[in-house]
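Chains, contacts and geometry: an overview
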Amino acid sequence: MRAVEIRKFGAPEGLAVIELPSPVPAAGEVLISVEAIGVGGVDTVIRSGALAGFGFREGHVPGNEVAGTVSAVGAGVDPAWTGRRVWAFTGEGGGYVERTALPVEKVLPLPGDLSATDAVALGTSGMVAHFGLAHAHFAPGESVLVRGAAGSIGIMTVQLAAAGGASAVAVTTSSAERGDRLRELGATHVLDRSGDGDGPAGYDVIIDIVSGVDMPSFFDRLNPNGRMVLVGVVAGMPPADFGTKLMATFRKSLSFAAFSADSIPEADRRVVEAEQFATAARGELRPVVHEVLPLEKAVLAHRKMDDGEVFGRIVLTP
């Protein structure tokens, strides 16, 4: 079967289409014929080599979520899974493939009204947005700033904060056009990438998907007792001394936290994901698909991600 691997860390051209043996489901696993693959910001960060210190190596197959149809089951798995449309979390990689065998506990059935492309546009992004806001102890009536809101996690955070009763949902983004689209999804204030614009003087919660060298400057935009939660590093790691900026605002009692979905028990993630799929199927949560490309265009997909062209999620199809 075809797959895409990171042949060389660095530019998108380091990705390559390869042939791998077709997997066979082991005991407790299902075999999924993949119809849609979500391209996430973390895929581009891994491809760049920035996370090599966390154990990622060249030869890695990126992608952490797929949707498709169960075509076979392993021993001990209910045969009724065969033929079901499903979404699955593949873990730290392994999603850029035509077929994948995964433990059945990592698989969720999809509502009939939810497409495979919408499922991977929502899946992990909606879950991270949900638990990121929970990690920030967000409460109705509080103001929220979403830094880097045009990606799939940001788009879901905007919608969930608005639905959760935020008094204001401000976003940073790169253009007025993107700002208008984010307003349609629940944003109340649109700021430029530096955080300047017509928004509240301060925020109770900042959800940061960007990080990078400018991250510490956003501590100045937190209200007393404000909380910043870092859920992504699409612009790279923050400066090593970013804590000095936090300590300079000591009397405001600010809080900073990093959040990874790896810290959430799988059973809890599944409950939220299933609820969000049902909500999206009812039209109450809007996955945003930027573009659908064939698997062999993974280089182009990553180039678009690197160039900041993407609003929502790019989806690959085998």
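Everything below is about the structure printed above this text.
Rules used throughout
- Residues numbered from 1 in each chain as written.
- Predicted model: local features only at pLDDT ≥ 70, side-chain atom pairs only at ≥ 80, totals over all residues.
- Heavy atoms only, no water.
- Phe/Tyr/Trp six-rings, centres within 6.5 Å; stacked < 30°, edge-to-face > 60°.
- Helix = DSSP H or I, 4+ residues; strand = E, 2+ residues; numbered from the N terminus.
- Buried < 20%, exposed > 50% of the residue type's maximum accessible area, 1.4 Å probe, protein only.
- Lys NZ or Arg CZ within 6 Å of the ring centre and 35° of its normal.
- Axes fitted to C-alpha atoms, helices over the stretch in contact; angles between N-to-C directions.
- Parallel < 35°, antiparallel > 145°, perpendicular 65-115°, else oblique.
- Left-handed = near helix turned anticlockwise from the far one by under 90°.
- Contact = heavy atoms within 4.5 Å.
- Nonpolar A, V, L, I, M, F, W, Y, C, P; charged D, E, K, R; others polar.
- Polar contact = N/O pair within 3.5 Å; in protein donor to acceptor, adjacent residues only side chain to side chain.
- Pairing = 2+ DSSP bridges.

1. Side note on the packing of aromatic side chains
Taken as a whole, this structure holds three aromatic pairs when the rule is applied. With a centroid separation of 5.6 Å and 65° between ring planes, the pair formed by Trp 87 and Phe 277 is classed as edge-to-face. Placement of Trp 87 in strand 5 (residues 85-89) and of Phe 277 in helix 6 (residues 266-281) is noted, with a sequence separation of 190 residues between them. Considered together, Trp 87 and Phe 277 belong to a single accessibility category, that of buried residues. Between Phe 219 and Phe 256, the ring centres sit 6.1 Å apart and the planes meet at 85°, which makes this aromatic pair edge-to-face. With a gap of 37 residues between them, Phe 219 in the loop between strand 11 (203-208) and strand 12 (222-230) and Phe 256 in strand 13 (residues 255-258) connect regions that are remote in the sequence. When the ring centre of Trp 81 is taken as reference, the NZ or CZ atom of Arg 84 above it lies at 4.9 Å. Sitting above the plane of the Phe 218 ring, Arg 221 keeps its charged end 5.5 Å from the centroid.

2. Remarks on the packing of helix 2 (residues 116-135) against helix 6
Between helix 2 and helix 6, whose axes approach to 9 Å, the crossing angle comes to 125°. When the axis of helix 2 is compared with that of helix 6, the two are oblique. The handedness of the crossing between helix 2 and helix 6 is right-handed. Residues Ala 119, Leu 122, Gly 123, Gly 126, Met 127, His 130 and Phe 131 of helix 2 touch helix 6, and the partners they reach there are Asp 268, Arg 269, Val 272, Glu 273, Gln 276, Phe 277 and Ala 280. Tallied by class, residues from the contact of helix 2 with helix 6 come to seven nonpolar, four polar and three charged.

3. Remarks on the environment of Ser 48
Tracing the backbone through its elements, the reader meets Ser 48 in helix 1 (residues 41-48). It is 9.2 Å that separates the C-alpha atoms of Ser 48 and Ile 6, two residues lying 42 residues apart in sequence. Beyond its immediate stretch of four places on either side in the chain, Ser 48 contacts Phe 9 and Gly 10. A distance of 2.6 Å separates a polar side-chain atom of Ser 48 from the backbone oxygen of Val 45.

4. A word on the sheet that holds strand 10 (residues 189-191)
Strand order across the open sheet formed by six strands is 10-9-8-11-12-13, with parallel pairing between neighbours. Two strands close off the open sheet at either side, each with one partner strand: strand 10 and strand 13. Geometrically, the sheet is characterised by an average inter-axis angle of 15° between neighbouring strands, direction not taken into account. Where strand 8 (residues 143-147) meets strand 11, four bridges bridge the pair, whose relative direction is parallel. Considered in strand 11, the bridge of Leu 145 is made with Ile 206.

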